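Fold and geometry: a report
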Amino acid sequence: MKKWQRNAPCWCGSGKKYKMCHEAFDERILSYEKKGHIVPDRSLIKSEKDIEGIKKSAVINIAVLDEIGEKIHAGMNTQEIDDIVATTTAKMGGIPADLNYEGYPKNVCTSINDQVCHGIPSTDIILQEGDIINVDCSTILDGYFSDSSRMYMIGDVDPEWKKLVEVTKECMEIGIKNVIPWHFMGDMGHAVHQHALDHGYNVVKEIGGHGCGLEFHEDPFVSYVSKPGTEMLMVPGMVFTIEPMVNMGTDKIFIDEDNGWTVYTDDGLPSAQWEVEVLVTETGCEILSY
């Protein structure tokens, strides 16, 4: 961490002198770093301007998922969901962050049943009665990124599948409750993992949450199979996603060889995911996108 002059304007852009703004904050982080913990650098601490920009982006992201919730039904194809995302996002002045990200071909991810994530919308994929689907939406507005996803249950869903969806949402909510400033991401991840295990489920290890806001994917990687007292220190101003992917069966996964994107459960049993984007505050966290 670069040493900052006490009477110079603070690095955060507040306009205040450093000694009156982030000096004590930096010293506290340094004390954890000296003990060998992983700590965030200043690039991961969002300014007030950044937070306002992310919140405005999130307004669009939330509206898009609300619109999908109103229109999703058995018999529609997943390309129709992609069209809703494109139209609603553009109407509100945003850009779908998924489109062309590292070559991804669509505006949104639509992952059905045993698809863990990164399902690609298509006119050939028709939603059936009893399906569960995750719609993962991300938005850019004025250079700021928001990211969240929801599960939708189509018609009359098998009770065991419905339970998976509900417990996965509980896992996300437990993650939110365990975002505590000056505690570790491993504390939060462990609580999420334990809740899934208590219900006989497994959490995907290889894919997790991520920092978000100024870029689509930022540090840190957010694991939900971590141990207490490990991973990065959570401090006010950090923004990241909580998005556990919970499998009914094995945690083993594989990627579709044909499209190079869609992730499946290895045993063909269903998977569920809910995602929120949160801001770490002085007392806990604020949900920015859901």
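Residues numbered from 1 in each chain as written. Predicted model: local features only at pLDDT ≥ 70, side-chain atom pairs only at ≥ 80, totals over all residues. Heavy atoms only, no water.

Let's talk about the overall build of the protein
Put simply, the rule reads: Numbering of helices and strands runs from the N terminus, with a helix taken as a DSSP run of H or I at least four residues long and a strand as a DSSP run of E at least two residues long. With C-alpha atoms as the basis for the radius of gyration, the globule rule is written as 2.2 Å multiplied by the number of residues raised to the power 0.38. Each residue gets one of three labels from its accessible area relative to the maximum for its type: buried under 20%, exposed over 50%, partly exposed in between, using a 1.4 Å probe on protein chains only. The contact rule is simple, with two residues in contact once any of their heavy atoms fall within 4.5 Å.
On a plain count of helices and strands, the protein comes out with 5 helices and 15 strands. On C-alpha atoms alone, the protein measures out to a radius of gyration of 20 Å, which is about the 19 Å that the 2.2 N^0.38 rule sets for 290 residues. Dimensions along the principal axes, computed over C-alpha positions, put the protein at roughly 65 × 45 × 30 Å. Across the 290 residues in the protein, those meeting the buried criterion constitute 56%. For the protein, the share of sequence-separated contacts (at least 6 apart) that also reach a separation of at least 24 residues comes to 69%.

Section: unusual backbone geometry
Geometrically, the link from D219 to P220 is a cis peptide bond, its omega value of 0 degrees lying close to zero. Note on placement: P220 falls in strand β8 (residues 218–222). Even without being a glycine, N113 presents a positive backbone phi close to 60 degrees. By secondary structure assignment, the location of N113 is in the loop between β2 (109–112) and β3 (115–117). Look at N113 and you get buried, because its relative accessible area is 16%. Of note, the phi angle at E231 is positive, near 70 degrees, even though the residue is not glycine. Tracing the backbone shows E231 in the loop between β8 and β9 (239–242).

Looking at the layout of surface pockets
Where we set the bar: Within this scheme a cavity is a closed region of a 1 Å grid, computed over the protein atoms alone, that accommodates a 1.4 Å probe without allowing it to escape, whereas a pocket is open but has protein on both sides within 12 Å along at least five of seven lines; lining residues each have an atom within 4 Å of a point. Grid points are joined across faces, edges and corners, and a volume is the space filled by probe spheres set on the points. Put simply, Ala, Val, Leu, Ile, Met, Phe, Trp, Tyr, Cys and Pro go in the nonpolar bin, Asp, Glu, Lys and Arg in the charged bin, and everything else, Gly too, in the polar bin.
Size it by volume and the largest pocket reaches roughly 630 Å³. Taken together, 26 residues make up the lining of the largest pocket; nearest its centre are C12, H22, I45, K46 and E48. At the level of elements, α1 (23–34), α2 (48–71) and β14 (276–280) are the ones that each hand at least two residues to the lining of the largest pocket. In terms of residues, the lining of the largest pocket owes the most to one element, α2, which gives 4 residues. Across the lining of the largest pocket, the residue classes break down as 11 nonpolar, 7 polar and 8 charged. Approximately 420 Å³ is the volume found for the second largest pocket. Taken together, 22 residues form the lining of the second largest pocket, with Y101, H118, I207, H210 and H217 sitting closest to its centre.

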